[in-house]
Each structure stands twice: as C-alpha cells, then as structure tokens.
Amino acid sequence: MGRFAVIGAGTMGSGIAQVAARAGFDVVLRDVAPEYLDRGLTTIAASLDRDVKKERLTPAQKDEILARIHPTTELAAVKDAEIVVEAIVENFAAKAALFSELDALTRPEAILATNTSSISITKIGAVTKRPTQVIGMHFMNPVPVMPLVEVIRGRATSDATTNAILELGAKLGKTCLIANDFPGFVSNRILMPMLNEAMFALYEGVATREAIDGIMKLGMNHPMGPLTLADFIGLDVCLAILDVLYEGFGDPKYRACPLLRQYVAAGWLGRKTGRGFYEY
Ligand code: NAI
C-alpha cells in the first residue's frame, strides 16, 4: 500500500497524515477550505519541530516529511489512493455522503477506513458498494504519541481488508487490536462509563473534582483523573458517545449524567472552550 489519503485535517486527520508521512507514505490531505488545511499543517510542523528539538529528527528529515504531505480541497485528488482514512466530523449523514462519493471516485480495490469514535462501521459500509473494504481505524489522540489503533470490523468487513490494515498499522509503528462493530467498540464502551461515573460522583457530592481525579490518578495509577480526561476529550464528544451507547444497547447503565448534559448545554465543553469541569 503506497498511496495514502486522509480526509479531514483537524485534530485527528492532521495527526494521521503526520504519522503516515513520517512512515514514508505520500499523503494527500483533504479538507473543505484552505484555512483548515493551513491549521492542520501548522499543527504538524509544530509537532515535528518538537521532535527536532529533542533530536529525534533532523531538520532535513522534518522537511522531507512535510514535503510528502499534499494538501488539497479537491476530493478528486484522492482518486488514486490505495487507502483512504476519513477523519471528518462525527456525524453519520456527513460520513455517509462522503463514503458514497469516495466509493464512486476511488479505485475498486481501495480500502476506505474511518476514524469514527462511535458510529457503526457496518452502517457506513452499507452506503458503499464495497462494504467488505470498509473498516474502522480508530486512532487515539494525540495520534503521533499514542501507540494504539483500535481496528473495527464491520459485519461485512473481509479478512483480506483486516489483514491489510493490520499490516498498514505496523508500518505506521502502531499496535493494532481488533474489535467487532458494537456501540463504543471496546475503548469507549469501557472508558465512557468510567468518566460518566466520575461525573455522577461529583454531581452527588461524593467528593470534590480534585479528590475524584486525585483518587483515580494516584490510586489507580491513571495518567490523569477522569474529569480532567473528559475535559481533554471534550464534554460534547463524551455526551455524544454516551448517547450512542445508551441508544445502541438500550441499557440505563449508559445514561449520561445530568451534570454533563447541563455543562454541554451551557457551552462548557472542556479545554477547548476554556471551561469544563475545570477552568483553563
Ligand atoms: P476536528 O473537528 O478537529 O476536524 C474535523 C475536520 O474535518 C475539520 O477540519 C473539518 O473542516 C473537516 N471536514 C468536515 N467535513 C469534511 C469533508 N466532507 N471533507 C473534508 N474535510 C471535512 O475533528 P477531530 O477531533 O479530528 O475528529 C475527527 C474524527 O475522529 C471524528 O469522527 C471523531 O469522532 C474521531 N476521533 C476523535 C478523537 C479526538 O480525541 N478528537 C479521538 C478518536 C477519534
């Protein structure tokens, strides 16, 4: 697999493009407007600069990596890709529209992967005529740092597609672990109820935010407390994923904490808006 395309140059797409270019792939990076591409490329350059400072990369290597990333606003630029990784907004209608365009545009043998955190791979695959070649490649944030890719097989995903993605993940220097297509896959099915429980603990006055986070951090050896992590992920994202779990399983154990719903309604979305469970 040589020709790589990433759709969406936001937080995740820029990280995926960086990791692929660093592994030696030529990467077409597509977003809808030049300012989003510029923002993505600035993030990539800043991340590579940190590696130059730490002497993990030479300035020449940094320039080579950047030169392998080809930004574009034209979707047609991805037509020769062998692998497309989609990282646009977490919205089924938007992803469905894009996958049906990609299906019409790309070579018949190309694999179409999605970085979705919570949308069904089977549903995304079903909008294409090649559901055997649609798969989840769930990178973690920040992509250049986190070692895992959760690979999600839709109902129709073939073994050949899965194997090709495992090989690709290894080339990117990531550890791939496979999950089947159920709401939240493995990562968010286990993580989100824990974050939600921390919110209920705060809501019910069990402890202060600092105590809840400190207890989980020092007591369970987690790198950060659950409320800090929720602020980092984005409270709107946490709520959307909890709603997917709640609807998908119909089990009240996934009911989002009312405090989370209120914070999202207030626009307190965590780090990105300067306020969530903490102030930034
Ligand atoms: P983001 O909002 O930072 O970036 C999305 C980008 O996609 C924006 O630049 C937007 O202009 C662009 N875009 C929207 N529609 C497009 C289209 N049709 N064609 C090309 N570009 C388009 O979002 P983020 O956080 O990078 O998330 C992307 C995906 O990754 C979502 O599905 C999300 O659930 C998933 N994800 C996010 C994680 C996170 O921690 N942020 C972690 C793992 C997965």
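In this text, all values refer to a predicted model and were calculated from it rather than measured experimentally.

## Notes on the overall build of the protein
Piece 1. For the protein, the count of helices and strands is 11 helices and eight strands.
Piece 2. The C-alpha atoms of the protein give 19 Å as radius of gyration, which agrees with the globular expectation for 280 residues (19 Å, within 12%).
Piece 3. Here the C-alpha coordinates of the protein stretch approximately 55 × 45 × 30 Å along the principal axes.
Piece 4. Evaluated residue by residue, the protein yields a buried proportion of 46% over its 280 residues.
Piece 5. Excluding contacts between residues fewer than 6 apart, the proportion of contacts in the protein whose partners are at least 24 apart in sequence is 67%.
Piece 6. Looking at the protein as shown, the accessible area adds up to about 13,300 Å², and 56% of this sits on carbon and sulfur atoms.
Piece 7. Charged side chains of the protein number 29 positive and 31 negative; the gap between the two group centres comes to 2 Å.

## Considering the UniProt feature "domain: 3-hydroxyacyl-CoA dehydrogenase C-terminal" (unreviewed entry) in the protein
Piece 1. The feature "domain: 3-hydroxyacyl-CoA dehydrogenase C-terminal" (unreviewed entry), as annotated in UniProt, sits at residues 184-280 in this numbering.
Piece 2. Helix makes up 62% of residues 184-280 and strand 0%. Its end C-alpha atoms lie 28 Å apart.

## Here's the deal with unusual backbone geometry
Piece 1. For the bond from Asn141 to Pro142, the omega torsion is -5°, close enough to zero to count as cis.
Piece 2. If you trace the backbone, Pro142 turns up in the loop between strand E6 (134-139) and strand E7 (148-153).
Piece 3. We note that Glu55 has phi near 60°; this positive angle belongs to a residue other than glycine.
Piece 4. Tracing the backbone through its elements, the reader meets Glu55 in the loop between helix H2 (34-53) and helix H3 (59-67).
Piece 5. Backbone geometry places Asn221, a non-glycine residue, at a positive phi of 60°.
Piece 6. Residue classification places Asn221 among the exposed positions, given a relative accessible area of 68%.

## Digging into the state of the cysteines
Piece 1. Inspection of the entire model under this criterion finds zero disulfides.
Piece 2. Here Cys238 is not disulfide-linked; the sulfur of Cys257 is the nearest cysteine sulfur, at 12 Å.

## Overview of the packing of helix H7 (residues 187-203) against helix H10 (residues 235-249)
Piece 1. Two numbers describe how H7 lies on H10: the axes approach to 10 Å, and their chain directions differ by 115°. Relative to H10, the element H7 is oriented roughly perpendicular. Remark: the crossing between H7 and H10 carries left-handed chirality. Taken together, the residues of H10 that come into contact with H7 (itself represented by Asn188, Arg189, Met192, Pro193, Leu195 and Asn196) are Cys238, Ile241, Leu242, Leu245 and Phe249.
Piece 2. A class-by-class count of the residues in the contact of H7 with H10 yields eight nonpolar, two polar and one charged.

## Here's the deal with the site of the ligand
Piece 1. Taken together, the neighbourhood of the ligand is formed by 20 residues, with Met12, Asp31, Glu90, Lys95 and Ser117 sitting nearest.
Piece 2. Here an oxygen atom of the ligand and a backbone polar atom of Met12 are 2.8 Å apart.
Piece 3. In isolation the ligand exposes 840 Å². Once the protein is present, 79% of that is buried.
Piece 4. Every element with two or more residues in the shell around the ligand is listed here: helix H1 (11-22), H2 and E6.
Piece 5. Class assignment of the residues belonging to the shell around the ligand gives a composition of seven nonpolar, eight polar and five charged.

## Thoughts on the pairing of strand E2 (residues 26-30)
Piece 1. Burial within E2 is extensive, with four of its five residues counted as buried.
Piece 2. Sheet topology places strand E1 (residues 3-7) next to E2; five bridges connect them, and they run parallel. The residue of E2 that forms the bridge with Ala5 is Val28.
Piece 3. Taken together, E1, H1 and E2 form a β-α-β motif whose crossover is right-handed.
Piece 4. With four bridges joining them, E2 and strand E3 (residues 69-72) adopt parallel strand pairing.

## Considering the nonpolar core
In globular proteins that are soluble, nonpolar side chains generally tend to be buried together.
Piece 1. Ranked by internal contacts, the top residues of the largest apolar core, which has 34 residues, are Phe4, Met137, Phe139 and Leu172.
Piece 2. Ranked by residues supplied to this core, first place goes to H1 with six residues.
Piece 3. Filtering out sequence-adjacent residues up to four positions away, Leu172 remains in contact with Phe4, Val19, Ala20, Ala23, Phe25, Met137 and Phe139.
Piece 4. Met199, Phe200, Ala201 and Leu229 belong to the second largest nonpolar core, which has 24 residues in total.

## What about the pairing of strand E5 (residues 111-114)?
Remark: a regular strand shows side chains that alternate across the two faces of the sheet.
Piece 1. Along E5, one buried face is formed by Ile111 and Ala113 and the opposite face, lined by Leu112 and Thr114, is buried too.
Piece 2. Looking at chain direction, strand E4 (residues 83-86) and E5 are connected through four bridges and run parallel. Bridge pairing links Ile83 to Ile111 in E5.

Analysis parameters
- Residues numbered from 1 in each chain as written.
- Predicted model: local features only at pLDDT ≥ 70, side-chain atom pairs only at ≥ 80, totals over all residues.
- Heavy atoms only, no water.
- Helix = DSSP H or I, 4+ residues; strand = E, 2+ residues; numbered from the N terminus.
- Rg over C-alpha atoms; globule rule 2.2 N^0.38 Å.
- Buried < 20%, exposed > 50% of the residue type's maximum accessible area, 1.4 Å probe, protein only.
- Contact = heavy atoms within 4.5 Å.
- Areas by Shrake-Rupley, 256 points an atom, 1.4 Å probe, with all protein chains shown as cover.
- Lys, Arg positive; Asp, Glu negative; His and termini not counted.
- Charge placed at Lys NZ, Arg CZ, Asp CG, Glu CD.
- UniProt positions renumbered as here; feature names shortened; annotations may be inferred.
- Disulfide = S-S within 2.5 Å.
- Axes fitted to C-alpha atoms, helices over the stretch in contact; angles between N-to-C directions.
- Parallel < 35°, antiparallel > 145°, perpendicular 65-115°, else oblique.
- Left-handed = near helix turned anticlockwise from the far one by under 90°.
- Nonpolar A, V, L, I, M, F, W, Y, C, P; charged D, E, K, R; others polar.
- Near = heavy atom within 4 Å.
- Polar contact = N/O pair within 3.5 Å; in protein donor to acceptor, adjacent residues only side chain to side chain.
- Pairing = 2+ DSSP bridges.
- Right-handed = clockwise from strand over helix to strand, strands pointing away.
- Core = buried A, V, L, I, M, F, W, Y, C linked by side-chain atoms within 4.5 Å.

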